[in-house]
Amino acid sequence: MSTTLIRNGTIVTAETSFPADLLIEDEKIREIAPDIPAEAAGRVIDAAGMLLLPGGIDAHTHLDMPFGGTTSADDFETGTRAAAYGGTTTLIDFAIQARGAKMRDALDAWWKKAEGRATIDYGLHMIVTDLPEAGLEDMDALVAEGVASFKLFMAYPGVLMVDDATIFRALQQTGRNGALICMHAENGGVIDVIVRRALAEGKTAPIYHALTRPAAAEAEAVHRAIALAEIAGAPVYIVHLSSEDALNQVREARDRGLPAFAETCPQYLLLSVEELARPGFEGAKYVFTPPLREKHHQPKLWDGLRQDHLQVVSTDHCPFCFADQKALGKDDFTKIPNGGPGIENRLQLLYHHGVNQGRLTVNRFVELTATTPARIFGLYPRKGVLAPGSDADVVVWDPQASHVIRAATHHMRVDYSMFEGFRVQGNARMVLSRGEVLVEDGVWHGRPGRGQYLRRAARGGAWK
Ligand code: URP
Ligand code: ZN
Ligand code: ZN
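Procedures and definitions
Residues numbered from 1 in each chain as written. Chains lettered and ligands numbered in written order. Predicted model: local features only at pLDDT ≥ 70, side-chain atom pairs only at ≥ 80, totals over all residues. Heavy atoms only, no water. Pairing = 2+ DSSP bridges. Helix = DSSP H or I, 4+ residues; strand = E, 2+ residues; numbered from the N terminus. Salt bridge = Lys/Arg side-chain N within 4 Å of Asp/Glu carboxyl O. Buried < 20%, exposed > 50% of the residue type's maximum accessible area, 1.4 Å probe, protein only. Core = buried A, V, L, I, M, F, W, Y, C linked by side-chain atoms within 4.5 Å. Domains from an automatic or database assignment. Contact = heavy atoms within 4.5 Å.

Asker: Can you help me understand the sheet that holds strand β9 (residues 88-96) in this one?
Answerer: The pairing of strands in a sheet comes from backbone hydrogen bonds and takes either a parallel or an antiparallel form. Judged by pairing direction, the sheet is parallel, and its eight strands sit side by side in the order β6-β9-β10-β11-β12-β13-β14-β15 without closing on themselves. Each of the sheet's edge strands pairs with one partner strand only, and the pair in question is β6 (56-61) and β15 (312-313). Two elements, strand β11 (residues 149-153) and strand β12 (residues 180-184), share five bridges in a ladder whose sense is parallel. The residue of β12 that forms the bridge with K151 is C182.

Asker: Please clarify how the pattern of salt bridges should be interpreted in this entry.
Answerer: Close approach of charged atoms lets side chains of opposite charge pair. Applying the stated rule across the entire model yields 36 salt bridges. One salt bridge in this structure joins E367 and R364, with 3.0 Å as the shortest N-O distance. On the criterion of helical spacing, the pair formed by E367 and R364 is a turn pair, its members being three residues apart in helix α12 (residues 362-376). Owing to a relative accessible area of 25%, E367 belongs among the partly exposed residues under this scheme. You can call R364 buried: its relative accessible area is 10%.

Asker: Mind showing me how you'd approach the nonpolar core here?
Answerer: Most often, soluble globular proteins have nonpolar side chains that are buried together. Counting 120 residues, the largest nonpolar core has F150, M183 and I238 as its most contacted members. With eight residues, the top contributor of residues to this core is helix α7 (residues 215-232). Two domains each donate at least three residues to this core, and these are domain 1 (3-53 + 384-444) and domain 2 (56-381). In contact with M183, not counting residues within four places along its chain, are L152, M154, I167, A225, V236, Y237, I238 and V239.

If you want it as structure tokens, here you go:
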């Protein structure tokens, strides 16, 4: 049996913070208490001045994903390694059902991508592109394999978009089997009309990606998604929510007591539409959907996080290199692969701009980045909390450590950072996953393939 004692740190949970020692036995947290005797442990780590956080859970990533005529630049090895450097010890990635094919085939394909590569534990959502009435029980089979959530697209017509009937069928099925529908909520049909007009007028630069996807198209889709979920009697989770307009829809639904949930991402909290108007083709670095919005949306999203209208911060990490992948859309913004990198910087950015700036308590920070994603996606209490019996996914967080985010020094396999030059205070000094040290003072100790697939429980969260 291997034992590690982390002494003198401050334990942070979603509810409270308190000084204590934390004893790890093999892969689990054994005890949290004051003054645990050091003789009890094989290794002793002094965490004086440090916060002890539950390992971060990033519920929205796209590793090794074919999209936009290319494949996202991080695979399960490089992406999970970068995640760990930033204090994320669990991620939930997306497998994609090919049109006309079985979801089960996609699950097998994504397990293959992760096998031998993942360095941290991971779960999978399933992107549904095709759901005939006769295939509904395929969703139940996926749930039995631990795929407790399904993503549907109301955007990208002809590629990923599904119609309202399909969405409704899927919602009804999850109402029965306890899984959760995650919705990419933008009105794809309307956006398509606006995009075609822009192209016909010769508007091909990256900024038109944002100008052709109005916030009202997001709000309309969020409203529709929630209405369909209400009729079906099922919960719904809106992914990558970007605007005040969309947030208002979620808030209104939650005020009525509906089980509607939503996440936002650091890019929507910290970046705005001006990034897409950078000179030359540079704006392509910020092409993802929904697009960046005007600055006035940002304080509303922060308010939403504070007041629990938004429950989760994830990254939507979907990296494409500027030099040879974003360049596919040099003459036509619709051909720029949609997505941006961020898996490594989520905790740093949210801690600095949330906790240090007084927008979030450190407990709310933990709730948004670990505890609530674990609850909603069926991983709690194995993940998302520091408590006896939970996996020993522990981040020794140095609240004083300051650094500047740079592509030259990050660990993501992508040639730019959306947050280049951002100074952040607060960083992971040491990261443990199931009791194993992955990162210590910037040095990597993890192994590809050690990450385990997580079978998630359906209705893991209480739908409140
Ligand atoms: O632009 C984005 N967000 N790319 C990833 C796919 C998605 O819609 O989440
Ligand atoms: Zn999406
Ligand atoms: Zn995404």
